[in-house]
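A closer look at the structure
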Amino acid sequence: TEVKLEKGTKLEFDAAGKASNIAIFTIGNKALHRESPEELVAILKDMINASSSKDSYIVLTPIEGTKEELKPYENAYKAAFGNKCIVTREAMLSEEYRKVVDIIQNEKNQADFDMGMIPIDLVRGKNDRAHLNDIGYVELSQIIYDKMVALGYISK
């Protein structure tokens, strides 16, 4: 129940060493109607190349929009980044993650689900669908954690 160490003892934790250089990249919500999917991919590639995480990274697709609006971006991100890409909208709408958080079943959320949109209960509000709220970030953090495990960046 207790460990005593001498002052100045250096502690190294296995998980910290493995997870110290993982980057999460995302861009595009506000820019969806200004830049093409290819332009956003190019920006992301520049960001990755300028980072210290050229090998250990995850890219998140934009979240604001309907399935039809986001599909070209999601497809371009998947083609460019392969298994290091999380299609955020699809992951957050999947049954697996909808069970992680208790999304209130109401008419507005159902309408969003029907359009392939992240539901209103997971975003900041009807005037800010580009950013998640606390519940949405809890769900997204689980999705990112699971992806880091799947990619071998960290172990469970």
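Let me sum up the structure you'll find in this document. Nothing here was measured: the structure is a model prediction, and the numbers come from that model. (Residues numbered from 1 in each chain as written. Predicted model: local features only at pLDDT ≥ 70, side-chain atom pairs only at ≥ 80, totals over all residues. Heavy atoms only, no water.)

1. Concerning the nonpolar core
The condition is simple: In this description, a nonpolar core means a group of buried Ala, Val, Leu, Ile, Met, Phe, Trp, Tyr and Cys residues linked to one another through side-chain atoms lying within 4.5 Å. Any residue under 20% of the maximum accessible area for its type is buried, any over 50% is exposed, and the rest in between are partly exposed; the area is computed with a 1.4 Å probe on protein chains only. The way it works is that DSSP assigns letters per residue, a run of H or I at least four long becomes a helix, a run of E at least two long becomes a strand, and they are numbered from the N terminus. Residue contacts follow a heavy-atom distance rule, with two residues in contact if any of their heavy atoms lie within 4.5 Å.
In terms of nonpolar packing, the biggest core is built from 18 residues, with Ile58, Ile86, Ile118, Leu132 and Ile144 touching the most fellow members. At the level of secondary structure, the elements contributing two or more residues to this core comprise strand E2 (57-60), helix H4 (88-93) and helix H7 (134-150). With 4 residues, the top contributor of residues to this core is H7. If near-sequence neighbours (up to four positions away) are discounted, leucine 132 is found in contact with Ile63, Met92, Ile118, Leu122, Val123, Arg124, Tyr137 and Leu140. In terms of nonpolar packing, the next biggest core, distinct from the first, is built from 14 residues, Ala23, Leu44, Tyr57 and Val87 among them.

2. Here's the deal with helix H6 (residues 107-114)
Put simply, the rule reads: Working note: the arc is built from the helix axis to C-beta atom directions.
Every buried residue of H6 is accounted for by Asn109, Asp112 and Phe113. Buried residues of H6, viewed axially, fall in a sector of 100°; they line one side. Relative to its buried face, H6 has exposed residues pointing more than 90 degrees away, namely Glu107 and Asp114. A positive phi of about 75° marks glycine 116, the residue just after H6.

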